[in-house]
Amino acid sequence: MAIDLRSDTVTRPSQGMRDAIASAAVGDDVYGDDPTVNSLEERVAAMFGMEAGLFSPTGSLANQLLIRTLVKPGEELLTEERAHIVRAELGAGAVFSGITTRTWHSERGLLNADAPLALAHENAGPYLVSTTAIAIENTHNFGGGTVQPISEIARLSTEARQRGISMHLDGARIWNAHVASGVAFNEFGKHFDTISVCLSKGLGAPVGSISLGSKATIAECRIWRKRYGGGMRQIGLLAAAGHYALDHNIERMTDDHARAKKMAVALAAHDSTLIDPTTVETNIVGLELSQTGITAADFAARCKEKGLWISALGKSYARLVTHLDFDDAQCDEAIAIMLDVLG
Ligand SMILES: *Cc1c(COP(=O)(O)O)cnc(C)c1O
């Protein structure tokens, strides 16, 4: 079978997870009657020290429901230029919520609080756009799995909130950030008004994200989720997978991180222009192929012929993401295939 490192979304539910799904207690969640969804929403909210949570089918929807509660039409959300919210949600904030955005640049997506603080313009008056929220991505996906320093998050949050600007966390891979940095989940919760987390990335559940915020925010998100057509019925089946993932699949991410590092070290030993292995902190390995004379698309195609699937995300940028269906033997095989293709 092919080794699939295109994303950590490609995992399949384990037998234990399937058993948990099969035996889940369920009810109609649009009526608020599904006990497994309710307990999952409460559980994740409590982990992060937030008041309430809401299950949603995707991380994009979880982000979009939250940012529309923070930013009114014509107001502004600031984020880093390669953030998922501005690069990979197909303009949803503009299309559905009338939200405008400006972005700052950073190396590897790594947060320096000075950049958004310099860009922000709160209460800008009748002629200029007012900044009402700042979104931070942790870990930063297109930055290469970058872990944001909690000291910079705290500095940004303190100053932004003093200026009346809300803080949103796109925490699709906050689990990886926690495992890599040791920062507690409720420490992240202190610095943000709203948080989205994904169950279907490194945690290995088939479907699902949770939006977190105050009770009032989540009540508003519940209305908009239904309005968008995302009110679902007996989804305790999906929530049971989420509970199982939280019980079993967080601490094991250290293995994913170690395998990502091992690939980065092996590739850098072959050609140091491909990647600096010290920047690989979590489960994402971003390869810069511009010095190799081969495009990312060609590299991905030639790896695929040999049984290794990776993503070509730019002309010369390829991405590998480790996950719970990728083991040590496959790691060695993946390294051998890539070194072979690179010659
Ligand atoms: C995957 C991801 C999301 C959500 O993606 P969906 O495919 O909509 O579930 C949000 N933010 C980041 C950083 C992601 O990597």
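Heads up: these notes are all about the structure in this document. (Residues numbered from 1 in each chain as written. Predicted model: local features only at pLDDT ≥ 70, side-chain atom pairs only at ≥ 80, totals over all residues. Heavy atoms only, no water.)

Here we take up empty space enclosed by the protein. For the structure on display, the rule yields one cavity of 30 Å³ or more. Taken as a whole, the largest cavity encloses approximately 50 Å³ of empty space. For the lining of the largest cavity, the residue count by class is four nonpolar, three polar and two charged. (1 Å grid on protein atoms, 1.4 Å probe; cavity = no way out; pocket = protein on both sides within 12 Å on 5 of 7 lines; lining within 4 Å. Points joined across faces, edges and corners; volume = space filled by probe spheres on them. Nonpolar A, V, L, I, M, F, W, Y, C, P; charged D, E, K, R; others polar.)

For the rest of this paragraph, the subject is the side chain of asparagine 63. Turning to its location among the elements, asparagine 63 is positioned in helix 3 (residues 59–70). Filtering out sequence-adjacent residues up to four positions away, asparagine 63 remains in contact with Ile85, Glu89, His168, Asp170 and Ser196. (Helix = DSSP H or I, 4+ residues; strand = E, 2+ residues; numbered from the N terminus. Contact = heavy atoms within 4.5 Å.)

Strand order in the open sheet formed by three strands is 9-12-11, with antiparallel pairing between adjacent strands. Both outer strands of the open sheet, strand 9 (284–288) and strand 11 (311–312), are each paired with one neighbouring strand and no more. In the sheet, strand 9 pairs with strand 12 (residues 317–321) via five bridges, with the strands oriented antiparallel. What sits directly across from isoleucine 284, in strand 12, is valine 321. (Pairing = 2+ DSSP bridges.)

Let us look at the site of the ligand. As a matter of local geometry, the ligand sits amid 13 residues, with Gly59, Ser60, Asp170, Arg173 and Lys201 nearest to it. Here aspartate 170 contributes a side-chain N or O atom positioned 2.7 Å from a nitrogen atom of the ligand. At 2.8 Å from an oxygen atom of the ligand is found a side-chain nitrogen or oxygen belonging to arginine 173. Protein chains shield 84% of the accessible area of the ligand, which is 380 Å² for the free molecule. If you map the ligand onto the pockets, it falls in the largest pocket. Broken down by element, the residue count for the shell around the ligand peaks at three residues, all from helix 3. (Near = heavy atom within 4 Å. Polar contact = N/O pair within 3.5 Å; in protein donor to acceptor, adjacent residues only side chain to side chain. Areas by Shrake-Rupley, 256 points an atom, 1.4 Å probe, with all protein chains shown as cover. Sits in = over half its atoms within 2 Å of the grid points.)

Judged by nonpolar contacts, the single largest core of 46 residues is most densely connected at Phe48, Ile134 and Trp175. The biggest single contributor to this core is helix 11 (residues 236–248), with five residues. Not counting chain neighbours up to four residues away, the residues in contact with isoleucine 134 comprise Leu77, Leu78, Trp104, Pro116, Leu156, Ala160, Ile165, Ser166, Met167 and His168. Formed by 30 residues, the second largest nonpolar core is a distinct cluster that contains Leu5, Ala260, Ala268 and Leu320. (Core = buried A, V, L, I, M, F, W, Y, C linked by side-chain atoms within 4.5 Å. Buried < 20%, exposed > 50% of the residue type's maximum accessible area, 1.4 Å probe, protein only.)

The buried fraction of strand 8 (residues 209–213) is high, at five of five residues. Burial along strand 8 is two-sided: the face carrying Ser209, Ser211 and Gly213 and the face carrying Ile210 and Leu212 are both buried. Inspection of the sheet shows strand 2 (residues 52–56) paired to strand 8 by five bridges, in the antiparallel sense. Bridge assignment links glycine 53 to a residue of strand 8, and that residue is leucine 212. Summarising the sheet, strand 7 (residues 194–198) and strand 8 pair through four bridges and their orientation is antiparallel. Bridged to valine 197 within strand 8 is isoleucine 210.

At a minimum axis separation of 10 Å, helix 12 (residues 253–270) and helix 14 (residues 328–342) run at an interaxial angle of 25 degrees. By the angle class used here, helix 12 and helix 14 are roughly parallel. The element helix 12 and its partner helix 14 pack so that their crossing is right-handed. Note on element contacts: helix 14 touches helix 12 through Asp328, Cys331, Asp332, Ala334, Ile335, Met338, Leu339 and Leu342, opposite Arg259, Lys262, Met263, Ala266, Leu267 and His270. When the residues that make up the contact of helix 12 with helix 14 are grouped by side-chain class, the tally is nine nonpolar, one polar and four charged. (Axes fitted to C-alpha atoms, helices over the stretch in contact; angles between N-to-C directions. Parallel < 35°, antiparallel > 145°, perpendicular 65-115°, else oblique. Left-handed = near helix turned anticlockwise from the far one by under 90°.)

In this section: the sheet that holds strand 4 (residues 100–104). Within the open sheet, the seven strands sit side by side as 2-8-7-6-5-3-4. Their pairing is mixed. Because the sheet does not close on itself, it has two edges, and the strands there are strand 2 and strand 4. On average, each strand axis in the sheet is tilted by 20 degrees relative to the strand beside it, whichever way the strands run. Against the sheet, helix 10 (residues 215–227) contacts strand 2, strand 7 and strand 8, and its axis sits at roughly 20 degrees relative to strand 2.

Function-wise, these values are silent; they only describe arrangement.
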